[in-house]
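Spelled out from the first residue to the last, the chains are:
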Amino acid sequence: MAEHDAGGSVQALRTERLGRRYGRAWGLRDCTFEVPAGAVAALVGPNGAGKTTLLEMITGLLKPTEGQVSVFGQTSRAGTAATLARVGYVAQDHPLYRDFTVADMFRLGRAMNPGWDQQLAAGRMDTLDIPLKRRVKALSGGQRAQVALTMALAKRAPLLVLDEPIASLDPVARAELMRDVTAVAAGTALTVLISSHVVAELERFCDWLIVLSRGHVQLAGPAAGLLAAHRLLTVPRDTPDAELPGRVIYRDDDGGHSGVLVRADPARPTAQEHPGWQADPVSFEQLVMAYLQRPAPLTTQDDPAPAAQRPGPNMKELPR
Amino acid sequence: MMWVTWRQHRGQATACLALLAALAVYAIIEGTSMRSAFSSDGLTGSCLARTQGTGCLNGTGAFMNEFGSEVNIAFWSVALIVPGLIGVLVGGSLVARELEYGTWRLVWSQTVPRTRWLAVKLALVTGGLIVLGAAMTAVIMWYRAPMDQLTGRLIHNAFDFEGLVLTAYILCAFGFAVLAGLLIRRSIPAMVAAFIPWLAIRLVVEFVFRPHFMTPATGPVSANCTSPQLGCGYGISSVPQITGHIGDLVLSMNPGNLVTYQPADRFWPFQFIEAGIFVALTAAALGATIWLLHRRAHWTALSPALPPRPPTGGAAGAAGPGFRR
């Protein structure tokens, strides 16, 4: 199981009991997780889970109702230049000014960001074969996404936040964009946080996973470690939870056998020892789905310590 | 930021220049013919001298027949709404367009904080509108100069476009529209929502408050003026003190031939008072906009630009975890 350094070095991103209330309803609450420097983190959740709210608070666009965000050890204050400068943000649907040319967009970027890297911006457009003189409205969806991504990259912020960057793209453009993001992240010291409700596309590219649902963090940690820690069991239907080797995350009892996702307990024997049981490794998508579909009511008062401070892969553990 | 503002508003700047040019062309054509008629009607020199009474009555009548309705009524009714239209068209989209198209997420996540972004934009656009208002005022003042010699400037149709108030009207409509754009988050409804109160305030100030800006003076009608509304109404430079009334009914003759009126030399004090009212309203609206933009934390739930997204293949929640084989 991968051990990530949670305490010693400065985390690229850290949220502490972050919450945002809209009127009386909480859009997001008690959200605590960390992303280490250099990670490509996937923030996964269904529409309405609070992903955009969370990302806007990380970016500095939205002021948290409670809790705080820190980026590379610096506590964020919404709407201040210092906070905004630390995060490159690509908003959902890649908003750009339609009547601007690509060169105009970059000039705006230069005018509004002291760290602007024009060479990077122009170079990427050259590589992607997007003419600088073309107007935004004449670009394809994939090209717009690339221009928006380039603007965020050329800002030269250490943390890149992408809100549903691929949702509106066709499959080819999706793969291209994700490849570009991960290539840039690998080539520089960039830390990336990508939100998506499209789970399958993220698996290949992300090494950190945060599952958000109903305004709460369900699971957070290194993707490989989380996958290794979970098992998909097929057991006889009447097997009680207590006999299963680990904590039951999700259980599907339709049919003769039950499909159960457990978080394995290293101290307990594995399923292979039971006749009639079958244990399989879990896929990225199955893991995410299981956490998203957990029927357990969500309460948080049992968790006084931030999940990130626990050893091993971080996970928001909730009572069943 | 200056370039950003220019890039976003250069279309409006061009349109404003075109409007100014059209106004200038009209003013030059009409102003020139008004000037030649003015001299051919004999309204020069001694005829307009201080002591003259009815000497110019015929010339005045001919001149007013030719130009009176056009300059004082048609032009007035157009020019009544034009400052408001300019203001709301420029201001309505300034913030609302960003919210409408979702570009606020782009522009407010750059390193420049959004309050500074707004302050710079407002300062530059306001400056542009002041220049526009001053230029329009200069053109109109030149155009109306012959008419003003007859009617004085402290009457509705002259007062409203000369001096300071025209610019102040534009700014006020602009300020209302920027604020409405922030609150309504859509450009066109914001323009409408700003224009209506602007026009209401504009007319209420003109017809209700303006006659009472200062305590009216009372004095005898000059000897030659038997009928101030007509003879002196189109009178001569001694008379605009009486004709220079503000409001419709300030002029009230009493049996002793005394008249209560706002003397024409109060033109500038009145300009400062009225412009001050509208500039104060502008400042209040723009100040409220900056404060709201700074304070108001979230726009997400309100942005109309994001349509509900149809579920995509592989979307979370679209299918079960697929445990069973």
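Data block above holds the structure.
Model, not experiment: these values are computed from the prediction.

Draft legend 1. Region of the structure containing the overall build of chain A. When helices and strands are tallied, chain A shows 9 helices and 14 strands. Expressed as a percentage of the 320 residues in chain A, the buried residues total 52%. Long-range pairs, those at least 24 residues apart, make up 69% of the contacts in chain A between residues at least 6 apart in sequence.

Draft legend 2. Geometry of the pairing of strand 6 (residues 87–90) of chain A. All names here are of chain A. The alternating pattern of strand 6 places V87 and Y89 and G88 and V90 on opposite faces, both of which are buried. Of the pairings in the sheet, the one linking strand 6 to strand 7 (residues 159–163) comprises 4 bridges and is parallel in character. Among the inter-strand pairings, V90 is bridged to a residue of strand 7, identified as L162.

Draft legend 3. Representation of the sheet that holds strand 8 (residues 191–196) of chain A within the structure. Residue and element names in this part refer to chain A. Judged by pairing direction, the sheet is mixed, and its 6 strands sit side by side in the order 6-7-8-3-9-10 without closing on themselves. Two strands lie at the open edges of the sheet, namely strand 6 and strand 10 (216–222), each paired on one side alone. Going across the sheet, the axis of each strand differs from the next one's by a mean of 15°, ignoring polarity. Examined bridge by bridge, strand 3 (residues 40–44) and strand 9 (residues 208–213) share 4 bridges and lie parallel to one another. Bridge pairing in strand 9 places A42 opposite L209. Against the sheet, helix 1 (residues 51–59) contacts strand 3, strand 6, strand 7, strand 8 and strand 9, and its axis sits at roughly 155° relative to strand 7. Sheet strands in contact with helix 5 (residues 141–154) are strand 6 and strand 7, and its direction is about 175° off that of strand 6.

Draft legend 4. Expanded view of the interface of chain A and chain B. Across the boundary between the two partners, chain A contributes 49 residues, which contact 32 residues of chain B. At 6 residues, the largest contribution of residues to the side of chain A that touches chain B is made by helix 3 (residues 102–112) of chain A. Considered class by class, the residues forming the side of chain A that touches chain B number 28 nonpolar, 15 polar and 6 charged.

Draft legend 5. Inspection of the nonpolar core at higher detail. Of all hydrophobic cores here, the largest spans 149 residues; its most connected members are A:A41, A:L209, A:I210, B:A173 and B:A194. Examining the composition of this core, we find that 16 residues originate from one element, helix 6 (residues 165–184) of chain B, more than from any other. Core analysis: the second largest hydrophobic core is formed by 7 residues, B:L154, B:I155, B:A158 and B:F270 among them.

Draft legend 6. Region of the structure containing helix 9 (residues 284–292) of chain A. Helix 9 of chain A sits mainly inside the fold: 7 of its 9 residues count as buried. Along helix 9 of chain A, the positions that sit buried rather than exposed are A:Q286, A:L287, A:V288, A:M289, A:A290, A:Y291 and A:L292.

Draft legend 7. How the structure looks around the sheet that holds strand 2 (residues 25–35) of chain A. Residue and element names in this part refer to chain A. Strand order across the open sheet formed by 4 strands is 2-1-4-5, with antiparallel pairing between neighbours. Since the sheet does not close on itself, it has two edges, and those belong to strand 2 and strand 5 (74–75), each with one partner. As judged from the 5 bridges shared by strand 1 (residues 13–22) and strand 4 (residues 66–71), these two strands associate in the antiparallel manner. Its bridge partner lying in strand 4, T15 is registered against V69.

Draft legend 8. Just the packing of helix 3 of chain A against helix 5 of chain A, in detail. Residues and elements named next belong to chain A. Across the interface, helix 3 lies against helix 5 with an axial gap of 10 Å and an inter-helix angle of 25°. Looking at the two axes, helix 3 sits roughly parallel to helix 5. Crossing of helix 3 over helix 5 shows right-handed handedness. For the pair helix 3 and helix 5, the contacting residues are V102, M105 and G109 in the first and V147, M151 and A154 in the second. Its residues placed into classes, the contact of helix 3 with helix 5 shows 5 nonpolar, 1 polar and no charged.

Rules used in this analysis
Residues numbered from 1 in each chain as written. Chains lettered and ligands numbered in written order. Predicted model: local features only at pLDDT ≥ 70, side-chain atom pairs only at ≥ 80, totals over all residues. Helix = DSSP H or I, 4+ residues; strand = E, 2+ residues; numbered from the N terminus. Buried ≥ 20, exposed ≤ 12 C-beta atoms within 10 Å, placed from the backbone. Contact = placed C-beta atoms within 7 Å. Pairing = 2+ DSSP bridges. Axes fitted to C-alpha atoms, helices over the stretch in contact; angles between N-to-C directions. Nonpolar A, V, L, I, M, F, W, Y, C, P; charged D, E, K, R; others polar. Core = buried A, V, L, I, M, F, W, Y, C linked by C-beta atoms within 7 Å. Parallel < 35°, antiparallel > 145°, perpendicular 65-115°, else oblique. Left-handed = near helix turned anticlockwise from the far one by under 90°.

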